[in-house]
Amino acid sequence: MIEDTDPNREIVIERLMDRLEGFAVGIGLDRDTTRRLVDRVITDMPLTPDEDRLARVRNWMLIASA
């Protein structure tokens, strides 16, 4: 995993995790898996708005739950 020096990274991760919690539970993903996916999306899409990140994470979550 790429080390990120952005001090707001954890804040962004938690903000996205809060918004994805119900979706994750609904498809049977645990918090650790969801967090890894969120972290990856933030790494891959550093300047992308949250709504676009959430859409990407939800897609990856669906794939992971299959």
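Cut-offs used in this document
Residues numbered from 1 in each chain as written. Predicted model: local features only at pLDDT ≥ 70, side-chain atom pairs only at ≥ 80, totals over all residues. Heavy atoms only, no water. Helix = DSSP H or I, 4+ residues; strand = E, 2+ residues; numbered from the N terminus. Expected span 1.5 Å × (residues − 1). Buried < 20%, exposed > 50% of the residue type's maximum accessible area, 1.4 Å probe, protein only. Arc of directions from axis to C-beta. Contact = heavy atoms within 4.5 Å. Core = buried A, V, L, I, M, F, W, Y, C linked by side-chain atoms within 4.5 Å. Axes fitted to C-alpha atoms, helices over the stretch in contact; angles between N-to-C directions. Parallel < 35°, antiparallel > 145°, perpendicular 65-115°, else oblique. Left-handed = near helix turned anticlockwise from the far one by under 90°. Nonpolar A, V, L, I, M, F, W, Y, C, P; charged D, E, K, R; others polar. Polar contact = N/O pair within 3.5 Å; in protein donor to acceptor, adjacent residues only side chain to side chain.

*Asks:* Please clarify how helix 3 (residues 50–65) should be interpreted in this entry.
*Replies:* Note that an α-helix has 3.6 residues per turn; residues three or four places apart therefore point the same way. Taking 1.5 Å per residue as the helical rise, helix 3 with its 16 residues ought to reach 22 Å, and the 22 Å between its terminal C-alpha atoms agrees with that figure. Listed as buried for helix 3 are Asp50, Arg53, Leu54, Val57 and Met61. Taken down its axis, helix 3 places every buried residue within 95° of arc, on the same side. In this structure, the buried residues of helix 3 make contact with helix 1 (9–27) and helix 2 (31–44).

*Asks:* Which parts of the structure should I look at to understand the nonpolar core?
*Replies:* Side chains of nonpolar character tend, in soluble globular proteins, to be buried together. Membership of the largest hydrophobic core comes to 15 residues, with the highest contact counts inside it found for Leu16, Leu20, Val38, Ile42, Val57 and Met61. Elements that contribute at least two residues to this core include exactly helix 1, helix 2 and helix 3. Considering every element that reaches this core, the biggest residue donor is helix 1, with 6 residues. Those residues in contact with Val38 that lie beyond four places of it in its chain are Ile13, Leu16, Met17, Leu20 and Val57.

*Asks:* I'm lost on the packing of helix 1 against helix 2 in this one. Help?
*Replies:* Each packed pair of helices is defined by two parameters, the angle between the axes and the distance between the axes. Taken N-terminus to C-terminus, the directions of helix 1 and helix 2 make an angle of 130°; their axes are 9 Å apart at the nearest point. In terms of axis orientation, helix 1 runs oblique to helix 2. Relative to helix 2, helix 1 is oriented so that their crossing is right-handed. Residue-level inspection shows Arg9, Glu10, Val12, Ile13, Glu14, Leu16, Met17, Leu20 and Ala24 of helix 1 in contact with helix 2, the latter providing Arg31, Thr34, Arg35, Val38, Asp39, Ile42 and Thr43. The residue makeup of the contact of helix 1 with helix 2, split by class, is 8 nonpolar, 2 polar and 6 charged.

*Asks:* Is there a simple way to think about the side chain of Arg53 in this case?
*Replies:* Relative to the helices and strands, Arg53 is located in helix 3. Only 3.2 Å separates the side chain of Arg53 from the backbone oxygen of Thr48, close enough to count as a polar contact. Arg53 has contacts with Val12, Leu16, Val41, Ile42, Met45, Pro46, Leu47 and Thr48, leaving out every residue within four places of it along the chain.

*Asks:* Teacher, can you tell me more about the environment of Leu54 here?
*Replies:* As for its placement among the helices and strands, Leu54 is situated in helix 3. Taking the relative accessible area as the measure of exposure, Leu54 reaches 0% and is therefore buried. Once the C-alpha coordinates of Leu54 and Glu21 are considered, the two residues, 33 residues apart in sequence, prove to be 12 Å apart. Setting aside anything within four residues of it in sequence, one finds Leu54 in contact with Leu16, Arg19 and Leu20.

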